[in-house]
Structures are given as C-alpha cells and as structure tokens.
Amino acid sequence: MLKKVRVFDLQVGMYVVDTGLSWLDHPYLYCQEGPVESDDHIRAIRAEGFAEAFIETDRDALAQGAARIYDKEAIDRAVAEALCEIPAELKSNKNTPLAQEMREAARAHAASIAAVRLAMEAAASGAPVDAKACLDAARDIAASVMRNRDALVCLTRLHDGGGYHIRHCAGVSALSAAFGDYLGLDRGQVADLALAGLLHDIGKALAPRELLEKPGKLSPEEFALLKRHPVEGCTLVSGASGVVGAPGGPTVPGHVLRAIAEHHERHDGSGYPRGLKGSEQSLFGRILAIADVFDALTQDRPYKKRLLPDKAMSVMFALRGRDHEPALLERFIKAVGVYPTGSLVRLSSGEHAVVGESNPHTPLRPKVTVVFDQDMAPIHPVQFDLSGRDGPAPARPVEVTGIIDHRPHGIRAGEHLL
Ligand SMILES: [Fe+2]
C-alpha cells in the first residue's frame, strides 16, 4: 500500500516510490525510487532538506520491486467506495456517438495545439499574444466536449507529437472543459475553462528553457523563478504588460485570469503564489489545478516518464484533502474514468481491449472493444459493456486488471474506438 511518511521516520529497507509529482508543487518530497539502503542514505536524504516520501508498505511488493509499487486493489476499492457516495451522474455524455465526434475533435485538437504554440512563441519573443486564436480554439473545444466528452480527451491522451509544454496546455484545456461539462456548467463557462487551460502555463514562456527541463532538484533561486509563472502568465494575458492584442482587441474574462493565477494553489493552503485554502481558490482554479496535475503525470516530460492514467489517479487519490478538494477530485475521476477512453487495458480473461465510452456510473467497468488475445495477437474486435448497463456484457464476469502502454503495440489515436 502507498503511504506517505516523514523522512525522519524512514528506515533501511523501506521502498521509496517515485510518484512523478512536480518539484514545484512538492519541493520537500523525496522521490528517488528504490529501497533505502543504509543509515548513510537516510542521513543524505535529510541533509538535502527533504521532509517527506511515499513508500510502498506491502512486503511482497518490496520483494518484487517497482512492478507492484501500487496496491491496485486497495486503491480500486477506495476509489469505488468514494465514487459510490456521489449522487447520480451530473450530466450524461450521449449527445453524439464517440466515433462520429472523433473527426471534429481532431480538428479542435489541431487548432488548440497551433493556438498555444503561437501564444507561447509570441510571449517568449515579447510580441502580442494572438488571443483570438485561443478564444476560437476554446469555443471549438467547448463545442466538441459538449457533443461528446470522451473524444477530445482521448485524442489528447494518445497524442505524442509536439513539445511537452504545448501538448500539456492542450491536454489541460480538454480535461478542464470536459470536467466543466460533466459538472453541468454552461457553454460559455466550458469555453472559458478551455481558454484558461490553453493559457495556464503561458508564464513559463518567460522562463529559461534549461530551467524548465532541468531533471534534478531546483535551487531555491531557480524554484523562486519558476514559481512566478502563474502570476506572470496572468499579467501577460491580462495585457497589463501591453502584450495582449491592440486596444479594442479580444479580452480575456476576469475569472479566466484568476484561474490562471490560481492553478498551483492547493486545497490545504500549501500551494503558491498566495497559499489560498479551500474555497478561497475559485472553482475554475480548482478545476484547472486537478486537470494540470493529472495531465502532467500522464504525459512524458523532458525529465520524467509518464505514469499510466490509473496510477496517476491513485497518486492523486492518495493526496486528496491535501492537494485537491476530495469531493471535486472524486467527481473528476468519475468524469474522466479510472480507465479513460482510448486506454489499452488488460482484462482478467487475459485478453486486451481498448476502452470506449467512459461509464460514469461504474468507472471501474467501462465499455471496451477486445482487440488482442493473451499474446497481443489481433483478433476480430468484440464490444462489451463490462457493467452490463448499456450493452452486451461478456458471458463470464470480466474485470479490467490494469492499463498498459499502447505505444509499443502501435495503436494510433482513435483506432478501435467504434
Ligand atoms: Fe503551471
């Protein structure tokens, strides 16, 4: 089982887990994965100023190393129990079939990547940011997720091209908009969330690239410099520095600016820049913060391999109440699904399937298309609803046992999602 401990309580033989959480948000979290080897090792960790670490308490997992660092069953149980307490689905997701929406979603995704690239390049060079391109892209994102929440989120999950920072902004935008739609926000609010996602990290365009891609621990000075990006982004977008557009040009709403400024605030007040607690952080800021962490954990970064979505959900769930408001985080998991659309999963039957539509009532039992046998050999695709609620269930009960990386198996975005 995953457990957070004080570095003071570390003992030789404990197994430290790399959760993939950002240095910026968790500067005192030690996350060099592996066993604690000696008292000297512990002294060195303390001397470097770390205060906490995640360890794996399961002795079997300890013996087997990193392959079983997460107690999946315990996490699944806890997630399922938490999600059961949430009342009926807030908003359905059946306006347009997934396969039909994929083409429009692909257009919206390409436009969002282009708009973010333009905005980042302009901000970095001191030229005016093209707010109109981002506003247009945000409207298209809102329209797509309101027709079908899964299509665009799936594309951003499977898209590997472009630089991390641009890909990340597009991903946060899609996730924030889809979550806003799930919460029942109106079209204008969903578009504003999409816009906040596209622009949330634009302040990083002012930071040196080597700092953004530094693999090791940041110095206090470097840390302080990077922590300025939410406020600098807000200033850039608000036009206070004269960067956004000409007089009379498009304006960015105040609640979008506030969300950009608040996307690194944390539920318990440990975030930055203001250390806001609980509802002092706006709803848009809280949504953006959740989408930001989930997307960062599940994308390859210059210095860190990505986590698969179910493991990222586990890490975030373990930190609920500290980083994010528990009820809102649980709704996010329900909206996106523990096994998001487009994920390649292994089934308890040994076969492999691609997750189709998310199943908000039963996020652990999505709709799937079985496409590979036990040995990853292609088979005639068969669709099942593992919950049996809205389509044929397998003849014998079958569960998802975990997500596996789609890339070594050559699966492309949108494939098998019929
Ligand atoms: Fe950020």
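Quick note: structure is the one above.
Residues numbered from 1 in each chain as written. Predicted model: local features only at pLDDT ≥ 70, side-chain atom pairs only at ≥ 80, totals over all residues. Heavy atoms only, no water.

A. Inspection of the layout of surface pockets at higher detail. Within this model, the second largest pocket holds a volume of roughly 340 Å³. Considering the residues around the second largest pocket, the lining is formed by 13 residues, among which M120, H165, A205, R209 and L212 are closest to the centre. Put simply, the parts of the chain that give the lining of the second largest pocket at least two residues each are α4 (98-125), α7 (164-182) and α9 (209-212). Grouping the amino acids of the lining of the second largest pocket by side-chain chemistry returns seven nonpolar, two polar and four charged. (1 Å grid on protein atoms, 1.4 Å probe; cavity = no way out; pocket = protein on both sides within 12 Å on 5 of 7 lines; lining within 4 Å. Points joined across faces, edges and corners; volume = space filled by probe spheres on them. Helix = DSSP H or I, 4+ residues; strand = E, 2+ residues; numbered from the N terminus. Nonpolar A, V, L, I, M, F, W, Y, C, P; charged D, E, K, R; others polar.)

B. Structural detail: empty space enclosed by the protein. On inspection of all chains with the given rule, the structure shows five cavities of 30 Å³ or more. As for the second largest cavity, its lining consists of 14 residues, of which R157, R306, P309, S343 and H406 are closest to the centre. Tallied by class, residues from the lining of the second largest cavity come to seven nonpolar, five polar and two charged.

C. Summary view of the packing of aromatic side chains. With the rule as written, the count across this model stands at three aromatic pairs. Summarising the aromatic geometry, the rings of Y30 and F50 are spaced 5.2 Å apart at their centres and angled 70 degrees between planes, so their arrangement reads as edge-to-face. Residue Y30 is located in strand β3 (residues 29-30), and its partner F50 is located in the loop between α1 (39-47) and β5 (52-56); the two are separated by 20 residues in the primary sequence. By relative accessible area, which is 8% here, Y30 ends up buried. (Phe/Tyr/Trp six-rings, centres within 6.5 Å; stacked < 30°, edge-to-face > 60°. Buried < 20%, exposed > 50% of the residue type's maximum accessible area, 1.4 Å probe, protein only.)

D. Seen up close, the coordination of the iron ion. The iron ion binds to the protein through D201 (OD), H229 (NE2), H263 (NE2) and H264 (NE2); the donor distances cover 2.2 to 2.3 Å. Its four donor atoms give the iron ion angles of 85 to 175 degrees at the centre, a pattern that matches the irregular case. The sequence pattern describing where the donors of the iron ion fall on their chain is D-x27-H-x33-H-H. (Donors = N, O, S within 2.8 Å, 3.2 Å for Na, K, Ca; no water. Tetrahedral: all angles 85-135°; square planar, octahedral: opposite > 155°, others 65-115°.)

E. Local environment of the packing of helix α13 (residues 283-298) against helix α15 (residues 326-336). One can describe the packing of α13 onto α15 by two numbers: an axis separation of 11 Å at closest approach and a directional angle of 55 degrees. Between α13 and α15, the interaxial angle falls into the category oblique. You can see that α13 and α15 cross each other, and the crossing is right-handed. In this structure, α13 contributes L283, R286, I287, I290 and F294 to the contact, and α15 contributes L328, L329, F332 and V336. Partitioned by chemical class, the residues of the contact of α13 with α15 number eight nonpolar, no polar and one charged. (Axes fitted to C-alpha atoms, helices over the stretch in contact; angles between N-to-C directions. Parallel < 35°, antiparallel > 145°, perpendicular 65-115°, else oblique. Left-handed = near helix turned anticlockwise from the far one by under 90°. Contact = heavy atoms within 4.5 Å.)

F. Up close: the pairing of strand β9 (residues 378-385). Two elements, strand β8 (residues 367-372) and β9, share five bridges in a ladder whose sense is antiparallel. Looking across to β9, one finds that V370 is bridged to V382. Here β8 folds back onto β9 in antiparallel fashion, the turn holding five residues, of which M376 has a positive phi close to 65 degrees. (Pairing = 2+ DSSP bridges.)

G. Representation of the sheet that holds strand β7 (residues 352-355). In space, the five strands of this open sheet follow the order β9-β8-β7-β6-β10, with antiparallel pairing throughout. Of all strands in the sheet, those bounded by a partner on one side alone are β9 and β10 (400-404). Averaged over all adjacent pairs, the angle separating strand axes in this sheet is 30 degrees, with direction ignored. Here strand β6 (residues 344-347) runs beside β10; their pairing, made up of four bridges, is antiparallel. By the bridge assignment for β10, V345 is matched with I403.

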